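Below, each chain spelled out in residue letters.
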Amino acid sequence: MGVYQKTIGPITAVPIRRLGPLFLFWLAALALLLIPGLDLPIRDWDEGIVARVAYERGDALLQWLSGQAPFSNIWLPTYWDAPYLNKPPGLHLPASLPLLPWMSASEVPPAWAVRLVPALVASAVVPLAGLITRQLNHKQQGAAMAAAAIALTLLPLMRHGRLAMLDGALVSASGLLWWQLLLCRQSRGWRLLGCGLLSGLACSALLLLKAPLVIPVLGIGLLLLLLERQLGAQQWLVLFLGLCLGQLPGLGWHLFHWMQRGSDALL
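For every chain, the first residue of its written sequence is number 1, and the numbers climb from 1 along that sequence. This being a predicted model, a pLDDT of at least 70 is required before a residue's local features are given, and a value of 80 or more before pairs of side-chain atoms are given or counted; all residues contribute to the totals for chains, interfaces and linings. Each side-chain value is worked out from all heavy atoms of the structure, with water and hydrogens disregarded.

(A) Inspection of the packing of aromatic side chains at higher detail. To pair, rings of Phe, Tyr and Trp, with the six-membered ring standing in for Trp, must have centres within 6.5 Å; the planes then decide the type, stacked if under 30 degrees apart, edge-to-face if over 60, and tilted in the middle. Per the counting criterion, the structure on display carries seven aromatic pairs. Feature note: the residues Trp64, Phe71 and Trp75 constitute an aromatic cluster, connected by ring pairs. For a lysine, the NZ atom is tested; for an arginine, the CZ atom; a charge sits over a ring if that atom is within 6 Å of the ring centre and within 35 degrees of the ring normal. Here the basic side chain of Arg52 rests over the ring of Trp80, its NZ or CZ set 3.8 Å away from the ring centre.

(B) Expanded view of the nonpolar core. Side-chain atoms within 4.5 Å are what join buried Ala, Val, Leu, Ile, Met, Phe, Trp, Tyr and Cys residues into a set we call a nonpolar core. Each residue's exposure class comes from its accessible area (1.4 Å probe, protein chains only) as a fraction of the maximum for that residue type: buried when under 20%, exposed when over 50%, partly exposed otherwise. With 55 residues, the main nonpolar core has Val126, Leu177, Leu206, Leu222 and Leu239 as its most contacted residues. Ranked by residue count, the leading element in this core is helix 9 (residues 167-183), at eight residues. Under the scheme used here, helices are H or I runs from DSSP no shorter than 4 residues and strands are E runs no shorter than 2 residues, and both carry numbers assigned from the N terminus.

(C) A look at helix 7 (residues 141-153). All of the buried residues along helix 7 are Ala144, Met145, Ala147, Ala148, Ala151 and Leu152. In a view along the axis of helix 7, the buried residues occupy a sector of 160°, so they form one face of it. Away from its buried face, by an angle of more than 90 degrees, helix 7 presents the exposed residues Ile150 and Thr153. Note: the arc covers the axis-to-C-beta directions of the helix.

(D) Fine view of unusual backbone geometry. Look at Trp80: it is not a glycine, yet its phi comes out positive at around 55°. Here Trp80 shows up in the loop between strand 3 (78-79) and strand 4 (82-83). On the basis of relative accessible area, Trp80 is assigned to the exposed category, the value being 56%. Despite not being glycine, Asp81 has its phi angle at roughly 65°, a positive value.

Here it is in structure tokens:
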């Protein structure tokens, strides 16, 4: 399907084509992240912390399922049974799910199980790099493929992406946020609200991974969007409505965390 254009208001919009080759780049990223090295012993200090917090989130989940603990315990991360105040459970809780079969059988989960979810999330960086580039330069479709190929070869992605660390998830959430903000330039009405909502959900992901990072990532995206002057006052209101709605999960967890742990939550 060729690229065609249509005018909406004062701007010219180019519909986003299907992923196409970017899907193949994503499959290549999955192969590179999941096949080699995922089962190596956990040695990195940060990996050990993530693995332990994820293990205890899995234990809290099993206790809730058996009726031995309240549901709220799942959302309060711990490290060696003490409150873990350094990071929210945005990655630790999903990373605990592959561990449950071994934990239910009172066995030690393998290293690859705790790395599985972080690697899957990190793989999204590759197609997102292509989608962002496609929005920035519609006339050179090969640029999107080149961006995805470059992302596929970056050492930080190929090394940190297969580790039980937050780096890959943070980059993926940031990429999703910027992609949706770029899409806002060609969106109106419900579609614009949807872009704002997905942007807000990406902000929630950042709030549940490493909360302070949402300030520069969202701030830079909105500043660049403002400098382009393609959105009117009404469109900005719709975008901010979607952003506010999408950030409710992330902000809601921090409010819950503060109610449960008081001033310690500020740490």
